Amino acid sequence: MSGPDESLVDTIYEAAHIPELWPMLLDRLSEMTDAWGGMLFTATADATRWVASPQTTDFFAQFLAAGWMSKNPLVERGVRRDHAGFLTDLDLFTHDELDAEPMYDYDLTGILDRAE
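Source: prediction; values computed, not measured.

(A) Highlighting helix 5 (residues 73-81). Residues of helix 5 that are buried include every one of Pro73, Leu74 and Val75, and no others. Just beyond helix 5, the residue with positive phi is Asp82, at close to 50°.

(B) Structural context of helix 3 (residues 57-65). Within helix 3, burial applies to Phe59, Phe60 and Phe63. Around the axis of helix 3, the buried residues are gathered within 90° of arc, so they sit on the same side.

(C) Representation of the packing of helix 1 (residues 6-17) against helix 2 (residues 22-32) within the structure. Between helix 1 and helix 2, the shortest axis-to-axis distance is 9 Å and the interhelical angle comes to 150°. At the point where helix 1 passes helix 2, the crossing takes the left-handed sense. Between helix 1 and helix 2, the residues in contact are Ser7, Leu8, Thr11, Ile12, Ala15 and Ala16 and Trp22, Met24, Leu25, Arg28, Leu29 and Met32, respectively. Class assignment of the residues belonging to the contact of helix 1 with helix 2 gives a composition of nine nonpolar, two polar and one charged.

(D) Summary view of the packing of aromatic side chains. Inspection of the entire model under this criterion finds four aromatic pairs. Centroid distance Phe60 to Phe63: 5.5 Å. Interplanar angle 10°. Geometry classified as stacked. Here Phe60 pairs with Phe63, and both are found in helix 3, just three residues apart, close to one helical turn. The same class applies to Phe60 as to Phe63, namely buried.

(E) Layout of the pattern of salt bridges. Overall, the coordinates contain two salt bridges when judged by the stated rule. The partner of Arg28 in a salt bridge is Asp5, with the nearest N and O atoms 3.2 Å apart. Highlighted residues: Arg28 in helix 2 and Asp5 in the segment before helix 1, separated in sequence by 23 residues. The exposure class of Arg28 is partly exposed, given its relative accessible area of 22%. Of the residues examined, Asp5 reaches a relative accessible area of 37% and is grouped as partly exposed. Taking the shortest distance from any N to any O, the salt bridge between Glu97 and Arg77 comes out at 3.1 Å. One end of the pair, Glu97, is in helix 7 (residues 95-99); the other, Arg77, is in helix 5, and 20 residues separate them in sequence. Under the relative-accessibility criterion, Arg77 is labelled partly exposed at 25%.

Cut-off values and rules
- Residues numbered from 1 in each chain as written.
- Predicted model: local features only at pLDDT ≥ 70, side-chain atom pairs only at ≥ 80, totals over all residues.
- Heavy atoms only, no water.
- Buried < 20%, exposed > 50% of the residue type's maximum accessible area, 1.4 Å probe, protein only.
- Helix = DSSP H or I, 4+ residues; strand = E, 2+ residues; numbered from the N terminus.
- Arc of directions from axis to C-beta.
- Axes fitted to C-alpha atoms, helices over the stretch in contact; angles between N-to-C directions.
- Left-handed = near helix turned anticlockwise from the far one by under 90°.
- Contact = heavy atoms within 4.5 Å.
- Nonpolar A, V, L, I, M, F, W, Y, C, P; charged D, E, K, R; others polar.
- Phe/Tyr/Trp six-rings, centres within 6.5 Å; stacked < 30°, edge-to-face > 60°.
- Salt bridge = Lys/Arg side-chain N within 4 Å of Asp/Glu carboxyl O.

Dropping the structure here:
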């Protein structure tokens, strides 16, 4: 079993101090996991801040503009959890809850076409 990718760990620490590195890091993580892209957001009771990999920036901007963040149950559960660190959707919901969540039916028509 190999150890952690030191350059990846270094980049994560760098992004913690240089926020402009997050899009590149999210893109790298997406490539490593065969994902479409990545988004990172922080939420408190007062504000939401976000950054995304280049291919998901338009999607997330449209998601926010359509008012989905105010309907996003991840924010409420994440804030209640008061966890200092990363959480995934599955840390906050069961598979059944995610399957029934309208937010996951958000229409990606056009957005995914531009990403290909």
